[in-house]
Amino acid sequence: MTCQLQAPFISSVRLLLLLLPILTAESNGQAVRSSRTYVSAAIGASRSCDGLDFLDVRSLSQWSPMLTLGLGLRINDYFGIEAQSALMLSDLTAQGTLISTRESASVSAGHQSFVISPKLYLPLSAKSEVFLRAGVGFLLSQSSISSPSNPSVAKSSSNMGYMTSLGYARQIGSSTVATLQVELSDTYGSAGAWSGGLCLMSIGVLYAFDERR
């Protein structure tokens, strides 16, 4: 099986770019002021490429809702740093036949991550901006394979990997910002289990702690 993340990622980026002219209508106030600490939360739909070379697949569910939480520091108008954790809210699933034994099998997998990233900002108006985040961290995966001879085989894996994102932010209150972003990750998982990169499109909110400057 081949990994096909490019199509949904490119489609998501195109959608974000098409929305930008509509979203950048008003002015007054910077989206997030310099030297502000903030927390963020977002929810969206994630798609993992399959990486199931050990399985003749009959059915496949590659989509899952995903929650992300972040803590960041806006150092100046154009640069910041952010720590982010992401967690799948439901497992990916697949059914098929194991190539090695020709047994029927079912596979499930869940992914989560913890990544630290520098963040670059490009203001579009006084209340809106786009941002680019690219960082590295831990990508964690828990898979389960079940077949008649092995009712439940759990496989855990962790690896260092990258995550990049392109997003749009718009100020909706003195300390609150709405976000829309598309993310692409390095490969989760390992050979013989569910493995592959991840594409995520999410909407969220960011809340700044410090007083407005």
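Before reading on, note that the structure itself is shown above.
Because the structure is predicted, anything quoted here is derived from the model rather than measured.

### With respect to the pattern of salt bridges
Overall, the coordinates contain five salt bridges when judged by the stated rule. Across the salt bridge formed by Glu183 and Arg133, the nearest N and O atoms sit 2.6 Å from each other. Taken as a pair, Glu183 in strand β9 (residues 176–185) and Arg133 in strand β7 (residues 128–146) lie far apart in primary sequence, 50 residues in all. One network of salt bridges, with partners in common, ties together Glu82, Lys119, Arg133 and Glu183.

### Structural notes on the environment of Arg133
Residue class for Arg133 comes out buried when judged on its relative accessible area of 4%. Once the C-alpha coordinates of Arg133 and Ser165 are considered, the two residues, 32 residues apart in sequence, prove to be 5.1 Å apart. Beyond its immediate sequence surroundings of up to four residues, Arg133 is in contact with Glu82, Gln84, Ser117, Pro118, Lys119, Met163, Thr164, Ser165, Gln181 and Glu183. Side chain to side chain, Arg133 and Gln84 meet in a polar contact 2.9 Å long.

### With respect to the environment of Ser90
Mapping Ser90 onto the fold places it in the loop between β4 (79–88) and β5 (92–98). For Ser90 and Met66, which are 24 residues apart along the polypeptide, the C-alpha to C-alpha distance reads 8.0 Å. Excluding residues within four positions of it along the chain, Ser90 makes contact with Ser64 and Pro65.

### Quick word on the nonpolar core
One finds Leu52, Phe54, Leu55, Met66, Ala94, Val107 and Trp194 to be the most contacted residues of the largest nonpolar core, which totals 20 residues. If you list the elements that add at least two residues to this core, you get β4, β5, β6 (104–125), β7 and β10 (198–208). A per-element tally of this core places β6 first, with four residues. Tyr38, Tyr121, Val177 and Ala208 belong to the second largest nonpolar core, which has seven residues in total.

Parameters and conventions
- Residues numbered from 1 in each chain as written.
- Predicted model: local features only at pLDDT ≥ 70, side-chain atom pairs only at ≥ 80, totals over all residues.
- Heavy atoms only, no water.
- Salt bridge = Lys/Arg side-chain N within 4 Å of Asp/Glu carboxyl O.
- Helix = DSSP H or I, 4+ residues; strand = E, 2+ residues; numbered from the N terminus.
- Buried < 20%, exposed > 50% of the residue type's maximum accessible area, 1.4 Å probe, protein only.
- Contact = heavy atoms within 4.5 Å.
- Polar contact = N/O pair within 3.5 Å; in protein donor to acceptor, adjacent residues only side chain to side chain.
- Core = buried A, V, L, I, M, F, W, Y, C linked by side-chain atoms within 4.5 Å.

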